[in-house]
Each structure stands twice: as structure tokens, then as C-alpha cells.
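A closer look at the structure
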Amino acid sequence: MTSQPLSPHPDRLFPADTRVRDITRELYSQVKDLPIISPHGHVPVEWLADDIPFTDPTTLLLTPDHYTNRMLHGAGGVELSELGVPVGTPLNEKQARHAFRLLCENWKYFRGTPVQFWFESEFHDVFGVKVRPSAETADEIYDQIAACLEKPEYRPRALYKRFNIAALATTDDPCSDLAGHAKLNSDPEWDGRVVPTFRPDAYLEPARRDWVELTKKLGELTDTDVSTYAGNLEAMRKRRQYFKDHGAVSSDHSHADARCERLSDEEADRLYKEAWNGIISLEDGAALRRHMLNDQARLAVEDGLVMTLHPAVVRNHDTAAFERYGADVGGDVPHAVEFSRSLRPILDSYGNADGFHLVVFTMDETTYSRELAPLAGYYRGMYVGAPWWFIDETDAIMRFRRSVTGYAGFYKTSGFIDDTRAFCSIPARHDVARRVDCSFLGNLVAEHRLAMDEAVETAVDLVTTQPKKVFKL
Amino acid sequence: MTSQPLSPHPDRLFPADTRVRDITRELYSQVKDLPIISPHGHVPVEWLADDIPFTDPTTLLLTPDHYTNRMLHGAGGVELSELGVPVGTPLNEKQARHAFRLLCENWKYFRGTPVQFWFESEFHDVFGVKVRPSAETADEIYDQIAACLEKPEYRPRALYKRFNIAALATTDDPCSDLAGHAKLNSDPEWDGRVVPTFRPDAYLEPARRDWVELTKKLGELTDTDVSTYAGNLEAMRKRRQYFKDHGAVSSDHSHADARCERLSDEEADRLYKEAWNGIISLEDGAALRRHMLNDQARLAVEDGLVMTLHPAVVRNHDTAAFERYGADVGGDVPHAVEFSRSLRPILDSYGNADGFHLVVFTMDETTYSRELAPLAGYYRGMYVGAPWWFIDETDAIMRFRRSVTGYAGFYKTSGFIDDTRAFCSIPARHDVARRVDCSFLGNLVAEHRLAMDEAVETAVDLVTTQPKKVFKL
Amino acid sequence: MTSQPLSPHPDRLFPADTRVRDITRELYSQVKDLPIISPHGHVPVEWLADDIPFTDPTTLLLTPDHYTNRMLHGAGGVELSELGVPVGTPLNEKQARHAFRLLCENWKYFRGTPVQFWFESEFHDVFGVKVRPSAETADEIYDQIAACLEKPEYRPRALYKRFNIAALATTDDPCSDLAGHAKLNSDPEWDGRVVPTFRPDAYLEPARRDWVELTKKLGELTDTDVSTYAGNLEAMRKRRQYFKDHGAVSSDHSHADARCERLSDEEADRLYKEAWNGIISLEDGAALRRHMLNDQARLAVEDGLVMTLHPAVVRNHDTAAFERYGADVGGDVPHAVEFSRSLRPILDSYGNADGFHLVVFTMDETTYSRELAPLAGYYRGMYVGAPWWFIDETDAIMRFRRSVTGYAGFYKTSGFIDDTRAFCSIPARHDVARRVDCSFLGNLVAEHRLAMDEAVETAVDLVTTQPKKVFKL
């Protein structure tokens, strides 16, 4: 079998109808070269702070991308360890090449998935690859990318510039010293923008086995007595401020549900004491967590950090894989979630408060038209925050717009979130969103539901003013 | 910035593909001028009974439309009071003009929403406005509409005729004397049809604080001893008959869930006594309510009133707004609902009974293909009753047809429900439904799934025979 | 009214856009004549084992098809008994003709449903009917089909060949002797493939009134002491092997939910004893059933039978109809279901085990993108097993592909399942799936998301290698 060419079509993802496609192409031409704003992701700040060359194609492109790993495992039967999982495992050249070959050999399993689009775009646009991945072309592609990675223009900062990134957020532990961010920001050579994100999930789960230990660390770091609920709140306030001082614009939260009802002060104190003594039940732990989440919203009204929420995922579904490889290796599975009643305590108290922004993400698409868009359409501070994890593929983004727009319009949505660890896929991921948003808008124009000048302005707003406004960037 | 023209395209909402559009246009030409049947809505009968001129554009078009208010609040940050909320607040000319300006200034927030379509159609078709709403054009549009409202052809009855309304239903308290309906029907000048609807929600919630008071009023009005469950049932029977005698064709029901299981007579008596003594628990109140709803179905088999059901909404989600402005100001938010098991008691008992019609509405779109269409496809008396609130926008109607048709066809759906307080938007709302239904049918024809003669007949049936049959009009 | 012609268009169900349609037509041309693989259905094996001519059009086409019956009942108001329900009721010629007339008279109620497509295809392609069903044409069509059924080429085996069926699965009680299968397989004239399916639902519901009786029968048949849980498991192991020896490739399971958590051995023994003594509660019965389902998965790892699961249906929703006509007459109604947490015990233990295949079907479309595709994308042994009951119609199949492909690709789906009792509709049902899959693929090609050679290979795989691999055929 001769190798097939790889030449991503300029019109890819656009609607097939030629009239709609022409409109879409025109819209896309207005946004395709605009800078990327990435307010939520997982790229390590050290890559940019240290600007050390990437070691090999597999470590850069394959290992950190759990989208790809999960399907190579599920459809291709590949062992995660063969792919260099967990991140940080040193791979020699033979191992890296073998992993890359597994990707190429199993290429057909990615048909119709976003992984296909992302890799095609990365391979072609970033590394100049011109052949379709396959068993035959695996080594050739590997070699070509490896050769690129030796050049200075493929070092992290050079790529950041080339990718035209205007702002990039990392995700960080509340006790992180944010040294990488400090280093980067104090570097006179650096004129990009990388901001940390306050992610206190573990600190808000009082029934976790490591909660007391984590909380004590929080207390020490902030020089605060955290043996009482009031002290804990104060420590949280200080760390949020620390993050804000280091450039953070948002806090990020993911728990089993979206509930946030307050306890009475007495009840909160009582449960906190039980947690502090390591004897809180799972049920009471959840009750206290909901109260603590409510207080995060209260703190957000004070300090202005945007609050993002993406609940309802079974983390590490495959116990054996978790024990062997740790978290974030592709075994997270969403489940159904409720928002209308769950979010009421926060929205009722703060939903219209000055400067309070709540951005809600979900993988439960049923909530878009039934709950999230109705809520965002009404409350001033609430935004529907997708596309996001899994909802970042073509058809899902189209469903998102079709479900949300009628009830919340365009201006109560957050703009695209790439949420990725795969640095080189950032442009491709944002490109998908831009192409699909333009397709959606192009359809509205073709169906005489929107004038062309309105569509152009909207397309531009969605990648410029809107994410800046929602995330206060 | 010069003002943009407002000229709604004759083909708006039609599919972009030219071949499908041609078919759709042909289908639409068969239905666009057919009379409007509106079997569920909230226009005050007094407007037509008294035929008093509308005072100003804001009071007529903006204040009563919670679709618009909620988004001006949520996206535009407008205070509801600035829009004349609650309905009935007197506005002076300056206030009315200011509110109208807020609508026009925030016009971009409505892009892609049905509000945009409705206003464009109303402004253009009803009032002859030729410029797009904006800060610049706000006063000009206001003046033009205000001038219209002074003319006799813009009085309520004249508009009713001009809108080509064949039947219009209001929504009424069971204790209402229906004086407006009586006045209208006895007016020899009046040849339209406005019918009341029996809406006993509050009377079926025994745990409500005002339930005893309401029930006593019901007893007095019907001269019935309502201190027992049997008496309550008898009073309900009488008021339903009173409504029927005044032209009502249906009762309307909205509760937290769709459950309707019966209690034993003894248990019903016991709980009723507790309710009568004001000591029923929330849980028992719900149990009794479900029993009472079941009895509404039983009464419907007797008296033939169509039963409509639209459960599962968090009413008045924003407590502060509710306390300040009251109900129905845009803060209702749907939540998930279950039908397959919940409706079984009613369907099992009456679902195939002669003359029993149950029309079920929902905002939980997930139930269409999973529950409602399978139920309606099987039970003789059951109909899927959307489009309706929120599901009355273009993409949602298309999803509705795509989800329901395969399992229930066209002839187990109710026809379009506008459910509106915004009188002048009635033609535009029905027009959306007609355009989308024709688009859906046009697609079926273009995909060779339906012959053109079948599509034409179906399109016409959906706005004529079908709503007449389902609602016994 | 003159009768309308019946001439199904060669391009039916294809996208309307001419460019996409051309691509789709090309794809379809590659798959339309490939043999049918039907790994799950309900055609009686005796039809093929005995090869007795079908008696009349109604008994063959109408009575066994609950899709049709339910809508004739629900929309047409027809009594099920008029249609020959339950299956096996002898019909004289007058009754059969009357039933057939009811179908034709009520033809408009099937517009836009798959029933319309199936009958149009069957009537035209199998029986050469050239007029549209209607009151006027009912007798003519009946006569034409009846005349066909007298010919040898319309006997079951001849139709099996003509339908180009490569493999057909039946559904069987664990205690069935599979005599029909044995007879067929030992017939030297027969060169087709019909395999039984192990369906132990009733035997896994310890709280059913007939469970003890069924279980005793199972014990006798396997010569096993089934008074203990271990004995029950052993009896199950033997019957699964018996089925496997008779050609079975899968077991099939449908319960109220998808839960499968294990009990401790002691708890399982205790509950089993209660069940054996006929005193187990509903709740404990469900707990034991979940444990038993888990053990079916364990047995599947041993014996290699594919496990298919399709939970969450309210069976026999209409009690009166059930009492009069029995099960499977159209009164089954799906309800919502949860998979992410429910399936974890099985997936965590066996999801990546060699040879374990779990194919999950559902009517709750919300689970496709949220739960099933994420699970199937990750676990080696899991496949998303629709289209299937209700999801076998055009728009639903398209939604299925659009929801699943982004997260699981094409190669973690099972291929089409017809699940039908209506033998003559099998080609039409598979044809729908092929047409829609090609339409979906055609769209991907037209939108430059897939190369044509990839689309062709995928279309062919979906009806050949994929079902063979998933079902080990």
C-alpha cells in the first residue's frame, strides 16, 4: 500500500452546502488569525519558564493527551505504559518510536473523532508532515517531527509565539508557590501571558483521607490557625489573594455534584471539627463541601476571581489503571448532573452581584437547553462555559450552539476552553471551535436569521471581547 | 453608524439548500395565511372584552414578555423595574421610552434567539418599522409604534381580526367568574372566539400556605361542603362544568413532577383532613396532590375537558426578584422530569378511554424520544404537546419534530402552543412554528421520505384539523 | 381519489444536498448488496427449520410487528385483537383482510416513521406492490401479497436466501432444548446460519413469583442442585455451554437498571436462600439480581459468550392490554437509565479482560455522548450497541452516530441490530442503517473530515468485519 497524502482542506468542518460554505469561509477569514485566549488548561508553566527543548515526538504529542491514550487503549488494545503513561516516565528513543508507531498503526480508530483533526492539523501545520499516519509512514513522520524539535523555533516559547497565544492559564494547587509563574513574569525576555488558576478541589472534600494533611499544609503556608471553619475560610481567602497577586483570574471547581447549599454556622463548625478529627462521614463530608463551595462563591464576590464549575465525573473509573498509572490517563467518565436546583443557593445569593462571574461547564449535554441556558439567560453573573472537555469536537460544539443560543444568545457563553495538556494541539483545538462557530453563524445567515454584519461581529466577539469579559482578562 | 435596514426575508428560517428551500416555500405557501388556533395562552380577556387602545409600545410589547425581560436582565444587566415589571405598573412616557431604548440598545444580545425573530416580525409586519433596533433608532421606532397605537386599526379587536385568529384560550383561576368571557360572548359585535382554561394548580397543592383559604373560597362559590375529600371533588366537578359552560375546552396543570398515583379512599380522606386542618406535611401534601391530579383525569373522562400537563419547573428561582416583582418575570427554570412511570396511573386507567385527551408538554427535551413519543404512539388519548415555552424557537422545534416523529408520527402531536402574554407576538410565534414544520417536511420530501402531496396535507393538518381535534375546538 | 403510485426512490434517506448525495450514493453502492448479519432478533427458528409457507399477509407482516400495532392502536384507535394480536391467534381470511385494511386506511399516521419506510420497501421490493396503501388499494395489495405467498420462492428459506442473510440470531429461554436449531443445523439442505441467544432475564429476577419454579426447572435440566447459589451458578454455566454448543455467540440481558455490584459470598448465599424459600423482598431481589448479572459477566470471561445489555424499560405499561394480549404488543416504554456508575463493577473487573465483549444498548439517547461512548472509548471489551429498538429509525440513527463517533469512533460500535419479529422487514431495516451510515459518512467526506477511501472502508467494515468481530460470528 502506498502512503496517502495528508493535506487538510482549507474548508474542513465547514457545511457542505456551497452557499453556506461561502458565507462560513468569509466569517472564518475574519477570525482565523486572531490571537488565542486560553483561560483554562493544563500545560505546565515550567515548559515556558525554562524553555527547554522538547525531547521527542511521543513525549510532546502523545503521552500527555488522554483523549488519544484512551482510544488507543480501548479500540487499539494498547497498554498505557507503551505510550509513556504516566507523564514523566522517561522513554528511550526505541520506546518513543514504538509508541508513535502504535498511534500511526491504529489511525483508523480515530476516524470521525477530534483526535484525527487535531493530529492532522498539528502534523501538517506545525511540523510540515505530508503523509497520512499508517504503519508504513510511522517512522517517517516520527523522524520529521524529531528533526523539527531540535530546532530553536520549536522550543516552547517560540511555539507559544507562533501559536499566537495571547493568554494561557494553568491549573494549580492552592499551596503551590507558583514559582514557575513568578520566574516567567520576572523574565524581561518574556512578553507573553501565563496565569495560574486556583484549584482547591481536594481541600474542599473533608471526607478525603488526605484532607487533614492538606489542610494543615494550607494553615502553615498562610500562618493561620485552620482548626476552625473560620480559620479555614481565612486561609482560603489568603491563598486566593496570593494567586490573584500572581495573575490568577479564576478559581476552578470539580466535585461529584453541583450542590452548594449553606449550613448554619453552628452546623458548619460542628462538621468541620469532625473533619479536623478525621471522623467525618462521607455524607457529612459532602454537606460540608457544599457549604465550602458556597463560601468560595462568597469569596469570589469579594476578590473578583471568576468561578468555574465542572462537576459530575466518575474519576479514575478503571481502578487497576489508576493504581498502576495514577489519575488523568483517560479513565474519567461523566455522569448525569442537576443544576437548576443545585446552583440555586449560589445564584440566589450572588447571581446578580457586581463582578461575580460563574462559568458552568458540563459533559451532560441535556442540561444545556433545560437548565444552563435558562439560568445564564436570566442571571447576570452566570455564563454557559462550554465547549469544553469532550464537547470540544465538531458535532458536540454544533449541538452546544444549537441548544444554548435560543435561550441565552451568544453573549452568555464563555468562549472556547481547550482544557488541554497537549500544548501543540492548542491551535488546532481553537481552530475547531472557530470553524464550527462560523459554520453555525453561517447557517444563521444563510437561513436569513442573522445579517452578515451581525454574524461577523459575533464571530469576532466570541474569540476576543467575550472571553476577555467573562474571564476578566 | 448609520442605521441598518429591517427587512425580514420571505424565506427566513427555511433550509439553506436551494432545492429543500423551494419545496419548503411551496409547503409554507399553503399554510401561511391559515387562521391561527391558539389553545393555550395568557392574553387577558379584558383587552378584547373592553377593546381599549393600548397605551404605549413598552406596555404592549415589552413589559409582558418575560422572554425578553429575562435576557435584558441577564445579558444587558437591566433592572426589571426599568422595563415596567411587574405588569400593570403605570409608566409615564419618559419611562416607557427609556425601557424601549434599553431593548434597542441591547439588541445584539438577542442574536440567534426567538426574541429577535418575533420583534423583527412584529415591528416590520404589524407596525411597518423599516430600521433595525439600535441606540440610534430607538426613538424613531418608538414613535412609529406609538403613532400606530392611536389608530383604531390597532385596537385589540382590530388586531385580533388582522392577526387572523380563529380561537384563543386564556388561563384562569377556578374561582374566576369569567366575567370578561361572558361580556365578550354576549357582545353581538364580537364574532371571534376566546375560551377560558381551567387552571387549578394552587387548589391541588394541599401543603401550600393559602390552600385552606383557596379551598374555602371554592366551597363557598360552589355552595359545597369542602371539608371532606368527596366534597372537594364535587366542588371541582362543578367549577369544571362552569368553565365548560363558558366555553372552556381544557384544564391546565403544572406541578413539581408528573406523578399521579391514587391513594386508597381512606388514606385520601385522612390526608385531606390534615390539609384542611393546616397540618399536612410537604411529603403528604405531594401524595395528596398526586391523588387529586389523578381525579382531575377522572373528571376529564366525565366532562370531556382536555387535560394539559407541563410539570417540572423551579418557579421564581431568584428569590429577591420574586419578592420585589412577583411571579412570571423570567426567573422560572426547568428541571429534569420523568414521565414513563409517573404517568402510568392515569394512562393505565384512562389512556384509552373514549374522549380522554392528555396533552403533555415539557422543557426536558430528553423525554421526547425516550418517553413521550413512545407513550403517545401507544395510548389513544395521549398527545405530545410541544412546541411550547422555550421549545418555541427554531432549533428547538426542529429537534422536537426530529425526536418525536419517528415514534409518534405527526398525528399524535398537539399543534403549536404560543403560551404567550405578548399579544402582538402571536402571529410571529405561530409563523415560526409553521416555517419550521414546513422545513422539516420539506426535508422529508427532499430526502424522498414523503411524497409532496402527503407533505402538503400534513402541513395543513398541523395548523387546522390537528389542533381542533386534540383540543376539541 | 385515484390511487397514488408506490415507487421508493433509489436515493431515499440520502442527504438533500446534491454534492453530499453523490458521495453518499457512491458509498452506499459499496454496501447495499453485502450480506446481512443480524446478531439479535426474534424470528422463530421454526419458520426456517420447518419451511412451511406463510399463511397470509397479515400474519406475516402485520401481527408480529409491535411497531406497527402500537401506532395503529394509538393513532388509529384500532383494537389490538383486530390485528391478530397476540401472535398465534388464528385468523380467517376475512379477519386477515380486515386487519390489513386497517393498516392501509390509517396509512397517514405512519408518515415520517420507520414503519412507513419498512412497509414501502417490503411491499415494493419483496412483493412488487406498485400502489400506495390506502382504503382504496387495501384489497389489491392484500391480494397481490397473498398470491406471492403461495409461490415456493416466498417460503421462509427462499426468502432467507433472497434477503441475503449471512447470520441470524434468535432469542431463547435458557431451558429451551433448541430443537429447532438442532433440526436446522442437521439439515443437509440448509446452508444458512441461525444461532440461538441465551436470554436468562427471568432466571435472574429472584423476586419474581415464578422464579423458584423456573430455577427448579433449570436445576432438573442440568441435573444440578440449585438450592444454593453455587449450584445456581453451576447450572447457568452448563446451560450457557449448551447454548454455545448449539451455536450461540451471545447472552442477552434486560433488567430495570444496569447495576451489577457484587455481594459478599455470605450475603449472596443468604439472599439466595430467601429467594429459594420464596420470601425475598423486592429490594433484596434486586440486589441479588445485580450480583447474578455480575456473575454472568464472569461466566462470559470463561466461555466467551458476548454479553448484550439493554436495560430500563417499563414492560407492559398498559395493564389491561397485557392481561388481554400478553407481552410484546407495543406497550413497552423506555425510561432514563444510568451507566457510568452502574456498569463500573463489571467494567472494573472484566472490561479489559481478554475476549470479554459487553455490548450496551439503550433507548435513553442522553447516555450516548455522556456515558456509553466515553466508556466504550476507554474499555477494550465494551461496545456501544445501537442502533436498536426505536433507535432504528433514520433520524435516531443519525443522532446516534453524531453523538457517539466523536468519543468512540466507528470501531467501538456494534453494527446494526434489527431486533425484529417481522421477518420480511429485515432487509428494509438493515437498509435504513446502511443508508444513514453512508449519509453520515458522506457528510464527513463532504465536510473534509474524512477521505473518500477511509469512508468506503468504514462503510464496508460497519456491515462486515465489525459485527463479526463484536459478536464473534
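Check the entry above for the structure.
Attention in this report is confined to the structure presented alongside it.

Definitions and cut-offs
- Residues numbered from 1 in each chain as written.
- Chains lettered and ligands numbered in written order.
- Predicted model: local features only at pLDDT ≥ 70, side-chain atom pairs only at ≥ 80, totals over all residues.
- Heavy atoms only, no water.
- Pairing = 2+ DSSP bridges.
- Helix = DSSP H or I, 4+ residues; strand = E, 2+ residues; numbered from the N terminus.
- Axes fitted to C-alpha atoms, helices over the stretch in contact; angles between N-to-C directions.
- Contact = heavy atoms within 4.5 Å.
- Buried < 20%, exposed > 50% of the residue type's maximum accessible area, 1.4 Å probe, protein only.
- Buried area = accessible area lost by both parts, 1.4 Å probe.
- Salt bridge = Lys/Arg side-chain N within 4 Å of Asp/Glu carboxyl O.
- Polar contact = N/O pair within 3.5 Å; in protein donor to acceptor, adjacent residues only side chain to side chain.
- Phe/Tyr/Trp six-rings, centres within 6.5 Å; stacked < 30°, edge-to-face > 60°.

Here we come to the sheet that holds strand 4 (residues 250-253) of chain B. Residue and element names in this part refer to chain B. Taken in spatial order, the four strands make up an open sheet running 4-5-8-9, and their pairing is parallel. Edge positions in the open sheet fall to strand 4 and strand 9 (382-384), since each of these has one partner strand only. Ignoring which end each strand starts from, the neighbouring axes of this sheet average 20° apart. Here strand 4 runs beside strand 5 (residues 306-309); their pairing, made up of four bridges, is parallel. Within the sheet, the bridge partner assigned to Asp252 lies in strand 5 and is Thr308. Sheet strands in contact with helix 13 (residues 282-303) are strand 4 and strand 5, and its direction is about 150° off that of strand 5.

So, about unusual backbone geometry. Following Val85 of chain B, the chain continues into Pro86 of chain B via a peptide bond in cis, with omega recorded as 0°. The topology assignment puts Pro86 of chain B in the loop between helix 4 (66-74) and helix 5 (93-105). The phi angle at Asp51 of chain A is positive, at roughly 55°, despite the residue not being glycine. Tracing the chain through its elements places Asp51 of chain A in the loop between helix 2 (45-50) and helix 3 (57-62). Phi at Lys472 of chain C takes a positive value of approximately 55°, unusual for a residue other than glycine. Positionally, Lys472 of chain C belongs in the segment after helix 20 (465-470).

Okay, the pairing of strand 2 (residues 165-169) of chain A next. Residues and elements named next belong to chain A. Counting buried positions along strand 2 yields four of five residues, so the element is predominantly enclosed. Inspection of the sheet shows strand 1 (residues 36-38) paired to strand 2 by three bridges, in the parallel sense. Looking at strand 2, one finds that Ser38 is bridged to Leu168. Pairing analysis gives two bridges linking strand 2 to strand 3 (residues 194-195), with the strands arranged parallel. Looking at the pairing, Leu168 lines up with Val194 of strand 3.

Turning our attention to the interface of chain A and chain C. Accessible area lost during the coming together of the parts is what is often quoted as the interface size. Tallying the contact residues gives 55 residues for chain A and 45 residues for chain C. Surface buried jointly by chain A and chain C totals about 4,000 Å² across both partners, of which 47% is contributed by carbon and sulfur atoms. Its largest share of buried area at the contact with chain C, chain A owes to Arg70, Arg111 and His317 of chain A, together 17% of the area lost on that side. Applying the counting rule to chain A against chain C returns eight salt bridges. Here Lys108 of chain A and Glu457 of chain C are joined by a salt bridge, their closest N and O atoms 4.0 Å apart. At the junction of chain A and chain C, the tally comes to 33 residue pairs in polar contact (both at pLDDT 80 or more). Sorting the residues of the side of chain A that touches chain C by element identifies helix 1 (18-31), helix 4 (66-74), helix 6 (114-126), helix 14 (319-325), strand 7 (333-334) and helix 17 (394-408) of chain A as the ones contributing at least two each.

Here we come to the packing of aromatic side chains. Two aromatic rings are characterised by how far apart their centres lie and by the angle between their planes. Residue and element names in this part refer to chain B. In total, this model carries 63 aromatic pairs over all chains according to the counting rule given. Taking 6.4 Å as the distance between ring centres and 45° as the angle between the ring planes, the aromatic pair formed by Phe54 and Phe423 counts as tilted. Note that Phe54 is positioned in the loop between helix 2 (45-50) and helix 3 (57-62) and Phe423 in the loop between helix 17 (394-408) and helix 18 (426-446), a separation of 369 residues in sequence. Of the two residues, Phe54 and Phe423, neither departs from the other in class, the shared state being buried. Ring geometry for Phe100 against Tyr142: centres 5.6 Å apart, planes inclined by 70°, an arrangement best described as edge-to-face. Placement of Phe100 in helix 5 and of Tyr142 in helix 7 (residues 138-149) is noted, with a sequence separation of 42 residues between them. We classify Tyr142 as buried; its relative accessible area is 3%.

Remember, this is a structural readout, not a statement about activity or role.
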